[in-house]
Amino acid sequence: MKNQIKRAIPKQIRRSALFLMLSLTASICLSASNEVVDNKYCTTCHGSDGRGNEAIQAPILAGMEDWYLVRQLENYRGNIRGFHPSDERGIAMQAMAKNLSDEDIIDLVQWIKTWEYSPPDTTVTGDKTEGEKLYASCAACHGENADGNETLGAPPLAYQNDWYLVTQLKNFLNGYRGTHESDTFGQQMVAMARPLKDDSGIRNVVAYITSLRSK
Amino acid sequence: MKSHVKRREFLNLLAAFGGTGAALTAGATLNLLPSASRANSLSLSSPNPNKKSVVILGGGLSGLTVAHELTKKGYECSILEASHRCGGRIFTVRHGDLIDEIGNPQVCDFDDEPHMYFNAGAARIPSSHKNILKYCKELGVDLEVFINENKSAYVQDDKMLSGSRIRNIDFTTNMRGFMAELMAKALTHEELNQPFSDSEAESLLSSIRSFGDLKENDLYEGSFRAGYKSGGFLKHGVQKDMIAFRDLLKSRLGRQLLSANEGDTGPILMQPVGGMDKIISGFLSQVGDRVKYRAVVNSVEVLDSGVKVTYDHDGARHSLDADYCFNCIPTHLMVGITNNFPDEYKTAMKYVRRGDAYKAAFQAKSRFWEDQEIYGGISWSDSPSRQIWYPSHGIHKPKGILLGAYDYGGGIFHTKMSQNDRIEAHLSDAEKLHPDFRSNVEKPITVAWHRMNHMLGCSARWQRSFSAGWTHEEEKLYETLRAPVNNRHFFIGDQISMHSAWQESAVMSAQWALTTMDAQVRHEMA
Ligand SMILES: Cc1cc2nc3c(=O)[nH]c(=O)nc-3n(C[C@H](O)[C@H](O)[C@H](O)COP(=O)(O)OP(=O)(O)OC[C@H]3O[C@@H](n4cnc5c(N)ncnc54)[C@H](O)[C@@H]3O)c2cc1C
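Just so you know, these numbers come straight off a predicted model, no measurement behind them.

Along the backbone of chain B there are 16 helices and 27 strands. Here chain B holds 526 residues, and the buried ones make up 53% of them. By sequence separation, contacts in chain B at least 24 residues apart represent 70% of the contacts at least 6 residues apart. With the model as given, the accessible surface of chain B reaches about 23600 Å², and the carbon-plus-sulfur share is 53%. Side chains of chain B carry 60 positive and 62 negative charges; the gap between the two charge centres is 1 Å.

Written out as structure tokens, the structure is:
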């Protein structure tokens, strides 16, 4: 995410890129209706410019690496994420992705890239010192500053909504995520989440991760 | 002993009743009982000439109410509406209409005729909802009676009578008969009779007997109220057999069946002729030129002197400054829209949850229910689809639109299904009420409010526990959101009421906000 911000296109160009995107993206005109429907409904849940919405539990998308976005959208579409009957949030997102074509996904990711990242509020409190110890085992993949590692397929964490990191770690522990046979990346995380054990472990590590944001 | 405990409870009840009774007598003598009040009449002042601009976020009923009232007074209003239509949860679906469910857009293919519509959101207006009725009158919206309870409609429960359907009248007549018999027995018992004077006891007993149609011996032995088994017009009527109390008790539908005609859903209910959105058309005839459609609010910044709003429209971002802002965007969506509201507002916005009501409808190829003595009203079942509504309008026309499912509590069950699975579920549920339902219907639509774009839910839920009622904390959060931000920004909508899910609440919240703003304007002008 950090890289993304550095790479950020100047605002003016970004805006005109947005116009372009909007006109290029496939939109379906359903027969018999004059109304146009497109796939640009992400912000209803993910908030203005994809800044996240805690009330919907839909996380920040702005600034997220494109390779990670593509993989997650494919995972939802393929029922690799959001398949567990108790995973309310995952199911909500799964239904949003299930009809997307490959081209739609590319278009959407281009659109998401035009959004400016801004750091979210901190909502999770925990013991950062304990968290730092726990994070030692995470750094190998997610990086010392939690800014991700594309080669290993591990996403940045520091810039994400803290409440979302908490749910995802719980999802890995509860078998909502990372249990599908095709979810090779998610499977790695299941084993990694185990040492966090419980709520307090999760909160501590998340509190530490989001404190890396400023670094 | 079981019966003893029950008698004890009854006695307690009577004791409590004695207290209330005394109060009522006193109240009536002193003429303190509230008389039917009128609709609110707003007397807003003219705007301060330098502070006339108003931006309204969301073209829901409350937003349009504000726009209408302020435009009348000379304010300059702009309405930003994210959707392709105004009305939000007032949504009448007709031929060619888009149902903008995220991930499952549908286009309605009903026959193109005035009576072939479906009220997918609001559908009923109680006679006690004076403020919305006042606008219907003012805006020339014709109303007709809406039939809610229909004793000829069916009741079906897999757990009752081997799952066979019975008429509502059979259920309720027998249920009331047995309940009355129990009450009469209890009252004739010496110790229960004691708190009442002879004439009171007599009056109560005669009401109980009439409630259940009891015989002289205070026993329920069936009733002609349920209709006749045979005869009744040219020959003597033959009474229907009783249904055993135990059989009726197998079903839990009694709860709903005995209260369907009470409270907000009690008669007289009304609907606009031609669809609930005639109310929206009425408002738009006044302020339609003020609306910008597909204008998605992106940020709201409350300033000392006004409000700055940015929104996306036609592929570009726009900015708009106004002196006042009224906002009916659902609070849980507002959480994700960039804003500078004080923290306590953010906390309150996050607290409010949303119901997930769900409705589905079919076009009926013929009005087959009318051949079964059913004209309007609701059939009830214990299946997940819960209800079938028969249209109160278009009687005896060739076709009609049927509501095929209404889950007002836990609509997520159907929401999670694919469109095909939803429809199949409703068809097979409906076959229990009408065995030939499937072959009689076509062109289904589903409206899963939890997934409707720019809405994502039904009514606001302020209470974590309905049984416990509002907690003190919840009342405080509510008061926070109700209060204007910096006297510039006002939240409105049925979400800012203690009785959400009604149009009346949306209107009254708008009126409340307008009155609050007006006080401020008068203060500034003075
Ligand atoms: C299934 C169902 C049944 C109901 N039954 C009845 C009934 O029988 N009788 C009755 O009186 N009431 C009923 N109601 C309740 C009634 O419909 C609502 O109380 C009323 O319509 C709410 O109006 P509102 O002003 O709060 O706005 P809403 O209808 O909540 O409108 C909000 C508006 O904000 C817009 N918006 C959202 N996000 C943005 C954005 N970012 N930018 C711009 N605009 C945005 C939306 O598109 C929408 O138009 C029912 C509701 C439902 C869903």
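This paragraph deals with the sheet that holds strand β27 (residues 489–491) of chain B. Sheets are built from strands that pair by backbone hydrogen bonding, the pairs being arranged parallel or antiparallel. All names here are of chain B. Across the sheet, five strands lie side by side as β14-β2-β1-β18-β27; this open sheet has parallel pairing. If you trace the sheet from one side to the other, it starts and ends with β14 (291–292) and β27, each paired once. Across three bridges, strand β18 (residues 324–327) lies against β27 in parallel orientation. Note that in β27 the partner of Phe326 across the bridge is Phe490.

We now examine the nonpolar core. Counting residues in each nonpolar core, the largest one holds 83 residues, and the members touching the most others are Tyr135 of chain A together with Leu57, Leu80 and Phe341 of chain B. Top element by residues in this core is helix α9 (residues 162–174) of chain A. It accounts for six residues. If near-sequence neighbours (up to four positions away) are discounted, Phe341 of chain B is found in contact with Val300, Val302, Met334, Lys346, Met349, Val485, His489 and Phe491 of chain B. If you look at the next biggest cluster of nonpolar residues, it comprises 39 residues, including Ile90, Cys136, Phe283 and Ala510 of chain B.

A separate point is the side chain of Asn104 of chain B. Structurally, Asn104 of chain B can be placed in the loop between β4 (98–99) and β5 (106–107). Apart from the residues within four sequence positions on either side, Asn104 of chain B is in contact with Ile99, Gln419, Arg422 and Thr446 of chain B.

This paragraph deals with the environment of Leu456 of chain B. Looking at the element boundaries, Leu456 of chain B is found in the loop between β25 (441–448) and β26 (460–461). With 16 residues separating them in the primary sequence, Leu456 of chain B and His472 of chain B have C-alpha atoms 27 Å apart. Apart from residues lying up to four places away in sequence, Leu456 of chain B is in contact with Thr44, Cys45 and Ile56 of chain A together with Ile102, His332, Leu333, Arg354, Trp449, His450 and Arg451 of chain B.

Once that is clear, we can look at the interface of chain A and chain B. The interface is formed by 30 residues belonging to chain A together with 26 residues belonging to chain B. Of all residues in chain A, Glu35, Thr44 and Ser48 of chain A bury the most surface against chain B, accounting for 20% of the area lost on that side. At the boundary of chain A with chain B, the tally comes to four salt bridges. For the salt bridge of Glu88 of chain A with Lys416 of chain B, the shortest nitrogen-to-oxygen distance reads 3.3 Å. Remark: the boundary between chain A and chain B carries twelve residue pairs in polar contact (both at pLDDT 80 or more). Listing elements by their share of the side of chain A that touches chain B, those giving two or more residues are α2 (11–24), β2 (36–37), α3 (42–46) and α5 (88–97) of chain A. Ranked by residue count, the leading element in the side of chain A that touches chain B is α5 of chain A, at five residues. Considered class by class, the residues forming the side of chain A that touches chain B number 16 nonpolar, eight polar and six charged.

Residue and element names in this part refer to chain B. Near the ligand, the surroundings consist of 36 residues, among which Ser62, Glu81, Arg89, Arg124 and Gln503 are the closest. Here an oxygen atom of the ligand sits 2.7 Å away from a polar atom, N or O, in the side chain of Arg89. Within the contact set of the ligand, a nitrogen atom lies 2.9 Å away from a backbone nitrogen or oxygen of Val297. Of all the secondary structure elements, the ones that give two or more residues to the shell around the ligand are α2 (61–73), β15 (296–302) and α16 (503–525).

Another aspect to go through is α9 of chain A. Residues and elements named next belong to chain A. With 13 residues, α9 should reach 18 Å at 1.5 Å per residue; the first-to-last C-alpha distance of 18 Å fits that figure. In terms of burial, α9 is a largely internal element, ten of the 13 residues being buried. Of the residues making up α9, those classed as buried are Asp162, Trp163, Tyr164, Leu165, Val166, Thr167, Gln168, Leu169, Asn171 and Phe172. Buried residues belonging to α9 abut α4 (66–77), α5, α10 (184–193) and α11 (199–211). One or two residues past the end of α9 sits Gly175, with phi positive at roughly 80°.

By a widespread convention, an interface's size corresponds to the accessible area lost as its parts come together. Residue and element names in this part refer to chain B. When cut into domains, chain B gives domain 1 (7–19 + 168–265), domain 2 (53–87 + 279–353 + 461–525) and domain 3 (93–152 + 268–276 + 357–451). Taking only C-alpha atoms into account, the centre of domain 1 sits 33 Å from that of domain 3. Carbon and sulfur atoms make up 53% of the surface buried where domain 1 meets domain 3, a total of about 1100 Å² over both sides. Taken as a group, Asn168, Leu253 and Asp264 account for 41% of the area that domain 1 buries against domain 3, more than any other trio of residues on that side. In this assembly, domain 1 and domain 3 are joined by zero salt bridges.

Right, let's get into the environment of Val441 of chain B. All names here are of chain B. Along the polypeptide, Val441 turns up in strand β25. Residues Val441 and Leu427, spaced 14 residues apart in sequence, show a C-alpha to C-alpha distance of 9.0 Å. Discounting residues that sit within four places of it in the chain, Val441 has contacts with Phe362, Gln363, Ala364, Lys365, Leu402 and Leu427.

Before going further, it helps to examine α4 of chain A. Residue and element names in this part refer to chain A. Taking 1.5 Å as the rise per residue, α4 with twelve residues should run 16 Å; its terminal C-alpha atoms sit 16 Å apart, in good agreement. Burial in α4 covers these residues: Trp67, Tyr68, Leu69, Arg71, Gln72, Leu73, Asn75 and Tyr76. Summarising the contacts, the buried residues of α4 are in contact with α5, α6 (102–113), α9 and α10. One or two residues past the end of α4 sits Asn79, with phi positive at roughly 65°.

Attention now goes to the pairing of strand β22 (residues 377–381) of chain B. All names here are of chain B. Among the five residues of β22, five are classified as buried, and the element is accordingly described as predominantly covered. Burial along β22 is two-sided: Gly377, Ser379 and Ser381 facing one way and Ile378 and Trp380 facing the other are all buried. Bridge count between β22 and strand β23 (residues 387–390): four bridges; the pairing is antiparallel. Each bridged residue has a counterpart across the sheet, and for Gly377 the counterpart in β23 is Tyr390. What sits between β22 and β23 in their antiparallel hairpin is a turn of five residues, with Arg386 showing a positive phi close to 65°.

Rules used in this analysis
- Numbers given to residues run from 1 along each chain, matching the order in which its sequence is written.
- All chains are assigned letters beginning at A, and all ligands numbers beginning at 1, according to the order in which they are written.
- Selection of residues for local features in this predicted model requires a pLDDT of at least 70, selection of side-chain atom pairs for listing and counting requires 80 or more, and totals for whole chains, interfaces and linings are taken over all residues.
- The basis for every side-chain value is the complete set of non-hydrogen atoms in the structure, without hydrogens or water.
- Comment: elements are numbered from the N terminus, with helices defined as DSSP H or I runs of at least four residues and strands as E runs of at least two.
- Under the scheme applied here, a residue whose accessible area is under 20% of the maximum for its type counts as buried, over 50% as exposed, and between as partly exposed, the area being computed with a 1.4 Å probe on protein chains only.
- A contact between two residues is defined here by any heavy atoms of the two lying within 4.5 Å.
- Each accessible area is a Shrake-Rupley result for a 1.4 Å probe, and residues are judged covered by the shown protein chains and nothing else.
- We treat Lys and Arg as the positive residues and Asp and Glu as the negative residues; His and chain ends play no part in the count.
- Where a charge lies is defined by one atom per residue type, namely NZ (Lys), CZ (Arg), CG (Asp) and CD (Glu).
- Should DSSP find at least two bridges between two strands, the strands are taken to pair.
- Grouping buried Ala, Val, Leu, Ile, Met, Phe, Trp, Tyr and Cys residues that are joined through side-chain atoms within 4.5 Å yields what is termed a nonpolar core.
- Summed over both partners, the accessible area lost on bringing two parts together, with a 1.4 Å probe, is the buried area.
- We define a salt bridge as a contact between a side-chain nitrogen of Lys or Arg and a carboxyl oxygen of Asp or Glu at a distance within 4 Å.
- The term polar contact refers here to a pair of N or O atoms within 3.5 Å; inside protein, the definition further demands a hydrogen-donor-capable atom paired with an acceptor-capable atom, and it admits residues adjacent in sequence only when both atoms are side-chain atoms.
- Polar here means any residue outside two lists: the nonpolar Ala, Val, Leu, Ile, Met, Phe, Trp, Tyr, Cys and Pro, and the charged Asp, Glu, Lys and Arg; Gly therefore counts as polar.
- The rule for a residue being near a molecule or strand is that one of its heavy atoms must lie within 4 Å of it.
- Given a helix with a known number of residues, its expected span is that number minus one, times 1.5 Å.
- How far each domain reaches was decided by an automatic or database domain assignment.

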